[in-house]
Amino acid sequence: MKRPRLSWVASAAAVSLLALAGCSGSGSASAASPKELTVWVMGDSSAHFDELVKPFTDSSGIKVDTVAIPWDSIDQKLTTAVASGKGPDVVQIGLSKLRVFADSGALLKLDDKTLQNYPNLAADKFLDGVAGNATAIGGNVVSVPWVSDTRVLFYRSDILSANGIAQPPATWDELRADAKILTGRGKGRYGYYIPQWDSALPVIMTWCQGGQVVGSDGMINFNTPEFQKAVDVYTGLYADKSVPTNADFDQVQGFTSGIAPMLVSGPYLASAINSAAPDLKGKWSVAPMPAGTANTSLLAGSNMGVWGSSKNVNGALKLLDFLSEPQTQLTFYKLDGQLPTVKAALADPSMTSDPLVTVYTKQLYGAKLLPLVPNWDGETGKALLDALNSIVLKGANRDSTINALFGATNSTSVS
Amino acid sequence: MKNRLAPYAFVAPAVALLLAFGVLPILVAVLVSLTDMNLGGLGDWSRISFIGTENYRRLLSDNEFWQSLTNTGIFAILGVPAVIVVSLVIALLLNRANNRYFRALRSFYFLPAITAIVAIALVWGYLYNTQFGLFNYLLSSVGLPQVQWLSDPIWVKLSVALVAVWRGTGLNIIIFLAALQSVPKEYLEAADLDGASELRKTVSVVIPLMRFAIFFVTITTIIAWLQFFDEPFVLTKGGPLGESTSISLFLYQKGFSASQFGYASAGSVILFVIIAFVTLVQLRARRTDVDH
């Protein structure tokens, strides 16, 4: 705890004061020279991106100044940039934040005319789930795909087979049964892990039951039989005591120690496992998302947008065109481990030869985006998680909690 | 004439700073709290509209707001007495000698106050971890069941408050130590001559003479706990299900994560009023105390 800070008394006011004063408070604002570009990338380090764009600088003579923005501080950074009107030229946008960025009005509209001279940016080059109109907000395309991410089932093959489970579960019902068997290994052992912060999981479960969370009128609609089935699975895993109930469960340690030998996660978990427990190689694998009627997974990742007030729009688009070259996408996968969004890169032999990556890419083709509501993380997704978690953790009444969720979310529109 | 202006000239810089960074933001917050300002409105002011007291009405019917207000109250009730008593006791003990060992101890107790909060969160997060944490390991080694330090609705409040108490004592110990140094030796010697015991001297001479330091520490500690933010933010993000969300964290989530600046400003104005009220009550109580 610190000494009292007056700034906190009026925390929100400080932001508006920024707007009044019009000061940016950061030296990383949009570059004025046509030979320079400022790029905001998400994450703790810009080293990989710097290395990636070196050939671009060499061939075009445009200097790229990369600033790494930690995921946790993107909200404040965006707020400051919008308030001061001083943003970067190009910005990486996590798909869950796309609507917030677009609604702020800070991004340049990337219509067909703007993109016509940049062949790599044509919508048909990218994964259908994220290309062109799939990520348009209110009919306007404001970003182009950059890296993709999906969710698959991670499982410990050694533990499953030791408990008489020959194949990873192919359906959620099988998963629930298997998880129960694995939980029977003893005290403090679980079959599966549900991250309490993962608002995508209940949506994936609904998709897997063949349902949608957005109605035909473009409004969020959880009031479907498929969502009820997803809730059955979600609450059932807790009712079976197959999942840990503590919020601070460490999924990497839980997986490598075998405490929770199955979970749904993204490719980043594979690299985390490899660095945390390299000797576990061969004892774990990935499988497609369990199905109900479909096995639709989440399409996540990041897009790239051009800041509306950028003074170097042409340079920015040139950079985006370079980033969408299949070879660039493959290089970045090698450097950073993030999957491409360009179809040609995903079909490259260097990708299809890796069995793990084959599972990811297969999953990617049918994967879907979370609904592009005004604020998924902070509102709709949070309401969904709070409802489910209060049922399973606090024993709240299922019907009344779910009905309250319908009421709280059914006026949220995706456009 | 010149002389009359001089004092104003001297206080002007301080007053200007106070106005710019203290009073003006509060006034802006009051203004913003009457609007529906969000991120879009920040970039384009024409998208902001005046909605009167709607934000305040919404706040009063928002369960999350009441939950965070209740949590803040619980945190303050747990934390404020703990910080004051623990710092005072440690300061009294540290003051008993001035050799090298005690000087080293003083720096030791000050360490938590100067350690980065993120490092603290990492270490305490590992200590508290249900499956892999030291605390549960120690409990299991004496045959006690696991405790969900950061996941149980009640334990999480105690766990988060404990870290804050641990972190908050350092500075207050220094303040108390400074106050202890200024206790006049004559009073203690007089008490010695009267044959007063150590305990009697502490209770009847030292603590009354430290009244002002205790008052100062109480006020600042209460304000700090009403603005409680860092520990729940880094340890639990306010979870599980808002059980450790303080009012400041609630405002942060509404203001910065959900970009509802108008709504968050309304909350911050309410928090400001609460803090101002509590502090005024204390100042009033202090005044009657002096009269005696």
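Rules used in this analysis
Residues numbered from 1 in each chain as written. Chains lettered and ligands numbered in written order. Predicted model: local features only at pLDDT ≥ 70, side-chain atom pairs only at ≥ 80, totals over all residues. Heavy atoms only, no water. Helix = DSSP H or I, 4+ residues; strand = E, 2+ residues; numbered from the N terminus. Buried < 20%, exposed > 50% of the residue type's maximum accessible area, 1.4 Å probe, protein only. Contact = heavy atoms within 4.5 Å. Pairing = 2+ DSSP bridges. Axes fitted to C-alpha atoms, helices over the stretch in contact; angles between N-to-C directions. Patch = residues over 30% accessible without salt bridge, like charges linked within 9 Å, V, L, I, M, F, W, Y side chains within 5 Å. Areas by Shrake-Rupley, 256 points an atom, 1.4 Å probe, with all protein chains shown as cover. Salt bridge = Lys/Arg side-chain N within 4 Å of Asp/Glu carboxyl O. Lys, Arg positive; Asp, Glu negative; His and termini not counted. Charge placed at Lys NZ, Arg CZ, Asp CG, Glu CD.

## Some remarks on the overall build of chain B
Stage number 1. Assigned secondary structure in chain B consists of 14 helices and 0 strands.
Stage number 2. The linear arrangement of helices and strands in chain B, starting from the amino end, is α-α-α-α-α-α-α-α-α-α-α-α-α-α.
Stage number 3. Each of the three principal axes of chain B carries a C-alpha extent, and together these read 80 × 75 × 35 Å.
Stage number 4. Within the span of chain B, comprising 292 residues, buried residues form 46% of the whole.
Stage number 5. At a minimum sequence separation of 6, the contacts of chain B that also span at least 24 residues come to 64%.

## Side note on the pairing of strand E4 (residues 144-150) of chain A
Within a regular beta strand, the side chains point alternately toward one face of the sheet and then the other, so they alternate between its two faces.
Residues and elements named next belong to chain A.
Stage number 1. Counting buried positions over the 7 residues of E4 gives 7, a clear majority of the element.
Stage number 2. As paired elements, E4 and strand E8 (residues 299-306) share 6 bridges and run antiparallel to each other. Paired with Asp149 across the strands is Ala300, a residue of E8.
Stage number 3. As defined by bridge partners, E4 adjoins strand E9 (residues 339-340) across 2 bridges and the pair is classed as antiparallel. Counterpart to Ser148 in the pairing with E9 is Leu339.

## Regarding the sheet that holds strand E5 (residues 152-155) of chain A
Residues and elements named next belong to chain A.
Stage number 1. Taken in spatial order, the 3 strands of this open sheet run E6-E5-E7, and their pairing is antiparallel. The open sheet terminates on both sides in strands that have one partner only, identified here as strand E6 (262-265) and strand E7 (285-287). When the angles between neighbouring strand axes are averaged without regard to direction, this sheet yields 35°.
Stage number 2. Summarising the sheet, E5 and E6 pair through 4 bridges and their orientation is antiparallel. Note on E6: the bridge partner recorded for Phe154 is Leu263.
Stage number 3. Here helix H8 (residues 172-183) sits on the sheet and contacts E5 and E6; the angle it forms with E6, its principal contact strand, is near 135°.

## Let's talk about a negative patch on the surface
Stage number 1. Where like charges cluster on the molecular surface, the negative patch consists of Glu36, Asp50, Glu51 and Asp65 of chain A.
Stage number 2. Mapped onto the elements of the fold, Asp65 of chain A is located in strand E2 (residues 63-69).

## Digging into the pattern of salt bridges
Residues and elements named next belong to chain B.
Stage number 1. Applying the stated criterion across every chain yields a total of 18 salt bridges over all chains.
Stage number 2. Lys201 is the salt-bridge partner of Glu198, the closest N and O atoms lying 3.4 Å from each other. Note that Glu198 and Lys201 are positioned in helix H10 (residues 198-209) at a spacing of 3 residues, about one turn of the helix.
Stage number 3. You can call Glu198 partly exposed: its relative accessible area is 44%.
Stage number 4. Residue class for Lys201 comes out buried when judged on its relative accessible area of 11%.
Stage number 5. Salt bridges sharing partners connect three or more residues here, namely Arg96, Asp192, Glu198 and Lys201.

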